[in-house]
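# Fold and contact review
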Amino acid sequence: MAVTEAGAVLTEAHRTAQLGILESLLRSFEAEWTDEVAFDPAAFASWVAEQAPEVASAYRLSAETAQRYYERFRAAEGVQDPFTSVILDQLDPWAWSESVTRWGPAYVTALVEDGLAEEAAARRSLVALSLDATRTSMAGGRTALAALMQAEPRRVRWARIARARCCAFCAMLASRGPVYSSAWAAGAGRHWHRGCKCTVEPYFGRGRYRLHPTSQQYATMWDNLEYANLNAFRRELEQQRRKEDEAGEGGA
Ligand SMILES: [Zn+2]
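Residues numbered from 1 in each chain as written. Predicted model: local features only at pLDDT ≥ 70, side-chain atom pairs only at ≥ 80, totals over all residues. Heavy atoms only, no water.

### Observations regarding the overall build of the protein chain
- A tally of helices and strands in the protein chain yields 10 helices and 2 strands.
- Reading the protein chain from its N end, one meets helices and strands in the order α-α-α-α-α-α-β-α-α-β-α-α.
- Relative to the globule expectation of 18 Å for 252 residues, the C-alpha radius of gyration of the protein chain, 20 Å, shows essentially globular dimensions.
- With respect to the principal axes defined by its C-alpha atoms, the protein chain has extents near 60 × 50 × 35 Å.
- As displayed, the protein chain has an accessible area near 13,100 Å², and 52% of this comes from carbon and sulfur atoms.
- Side chains of the protein chain carry 29 positive and 32 negative charges; the gap between the two charge centres is 10 Å. (Helix = DSSP H or I, 4+ residues; strand = E, 2+ residues; numbered from the N terminus. Rg over C-alpha atoms; globule rule 2.2 N^0.38 Å. Areas by Shrake-Rupley, 256 points an atom, 1.4 Å probe, with all protein chains shown as cover. Lys, Arg positive; Asp, Glu negative; His and termini not counted. Charge placed at Lys NZ, Arg CZ, Asp CG, Glu CD.)

Okay, structure coming up:
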């Protein structure tokens, strides 16, 4: 949760902004999606050709949003050194188009041949494309933040900010608070699974870092485990959420 109140507010606003970029991209996916797109190679190709620039522009928007956040967050957290912007990289829409052909009609047809209902098979294709686009477009912001942290004269740590209902892997990483890591880890790569909606918060080492409230919950849960490992943590998380769901249903 940053060191300052202003920083915490900026981080939350940034997370919301990134989710907004993603949601509008996925709405456009959904709006243009038909059964024909799922089953017909030509229709699929033209759907992809139409969506690829959208993915590239979500990537760019995500990167610009992250850079704006970083500049303001840095000032809020009391960093005195002048801010230097970085050149934001672009996403090649063609590369994305190529990479998602594996979720196209051949994939859907194979699912149907394996006995899945057509509607469910078509749905699975859209879900796979959406998860893929989530990682691809959100990499815009993450890569920008990684580059900005890398460009700092001093080494910057960063913490993962996860959702209240994220997966156990992300929850565990969020619970650890700020860690030193390579720009690669903060930006892209295996630290970010498909569909992950986590964001990053830098920590400049000035003042005491306070965990984001959600991360604090995860940290407490982790500390209370008898045997602290990811499987035990996952079970605890699932149990907790089941309890919350039951309480929610009973109460409302
Ligand atoms: Zn995540």
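### Let's talk about the coordination of the zinc ion
- Here the zinc ion is held by the protein donor atoms C170 (SG), C196 (SG) and C198 (SG), which lie 2.2 to 2.3 Å from it.
- All donors of the zinc ion belong to a single chain; written as a sequence motif, their spacing is C-x25-C-x1-C. Taken together, the residues span a long stretch of sequence, with C170 in helix α7 (residues 168-175) and C198 in the loop between α8 (183-187) and β2 (199-203) at a distance of 28 residues. The pair C170 / C198 is uniform in exposure class, with both members buried. (Donors = N, O, S within 2.8 Å, 3.2 Å for Na, K, Ca; no water. Buried < 20%, exposed > 50% of the residue type's maximum accessible area, 1.4 Å probe, protein only.)

### Quick notes on the side chain of T214
- Residue position: T214 is located in helix α9 (residues 213-223).
- We classify T214 as buried; its relative accessible area is 13%.

### Focus on the environment of G195
- Note on placement: G195 falls in the loop between α8 and β2.
- Between the alpha carbons of G195 and M138 there is a distance of 9.3 Å; along the sequence they are 57 residues apart.
- Contact partners of G195, with chain neighbours within four places excluded, come to L131, T134 and R135. (Contact = heavy atoms within 4.5 Å.)

### What to know about the pairing of β2
- Most of β2 is tucked away, with 5 of its 5 residues classed as buried.
- Going residue by residue along β2, you find T199, E201 and Y203 tucked away on one face and V200 and P202 tucked away on the opposite face as well.
- Here strand β1 (residues 157-161) pairs with β2 via 5 bridges, running antiparallel. By the bridge assignment for β2, I161 is matched with T199. (Pairing = 2+ DSSP bridges.)

### As for the pattern of salt bridges
- In total, this model carries 8 salt bridges according to the counting rule given.
- Between D81 and R154 there is a salt bridge; the shortest N-O distance is 2.7 Å. On the criterion of sequence distance, the pair formed by D81 in the loop between α3 (41-76) and α4 (93-99) and R154 in the loop between α6 (118-150) and β1 is long-range, its members being 73 residues apart.
- For D81, a relative accessible area of 24% translates into the label partly exposed.
- Several salt bridges share partner residues, and in doing so they unite R165, E244 and D245 into one network. (Salt bridge = Lys/Arg side-chain N within 4 Å of Asp/Glu carboxyl O.)

### Here's the deal with the packing of aromatic side chains
- Counting across every chain of the model gives 11 aromatic pairs.
- Taken together, a centroid distance of 4.9 Å and an interplanar angle of 70° make the contact between F29 and W47 edge-to-face. One end of the pair, F29, is in helix α1 (residues 5-32); the other, W47, is in helix α3, and 18 residues separate them in sequence.
- When its relative accessible area of 0% is taken as the criterion, F29 is described as buried.
- Relative to F204, the ring of F73 lies with its centre 6.2 Å away and its plane at 40°, an arrangement referred to as tilted. In this pair, F73 is assigned in helix α3 and F204 in the loop between β2 and α9, connecting sequence segments 131 residues apart. For the pair shown, F73 and F204 are each scored as buried. (Phe/Tyr/Trp six-rings, centres within 6.5 Å; stacked < 30°, edge-to-face > 60°.)

### What about the state of the cysteines?
- Enumeration according to the criterion identifies 0 disulfides in this entry.
- C167 takes part in no disulfide bond, and the closest cysteine sulfur, belonging to C170, lies 3.7 Å away.
- A relative accessible area of 32% means that C167 is categorised as partly exposed. (Disulfide = S-S within 2.5 Å.)

### Observations concerning the packing of α3 against α6
- Between α3 and α6, the shortest axis-to-axis distance is 8 Å and the interhelical angle comes to 30°. Regarding the angle of α3 to α6, the classification is roughly parallel. Regarding α3 and α6, the two cross each other, and that crossing is right-handed.
- When its residues are assigned to classes, the contact of α3 with α6 shows 17 nonpolar, 7 polar and no charged. (Axes fitted to C-alpha atoms, helices over the stretch in contact; angles between N-to-C directions. Parallel < 35°, antiparallel > 145°, perpendicular 65-115°, else oblique. Left-handed = near helix turned anticlockwise from the far one by under 90°. Nonpolar A, V, L, I, M, F, W, Y, C, P; charged D, E, K, R; others polar.)

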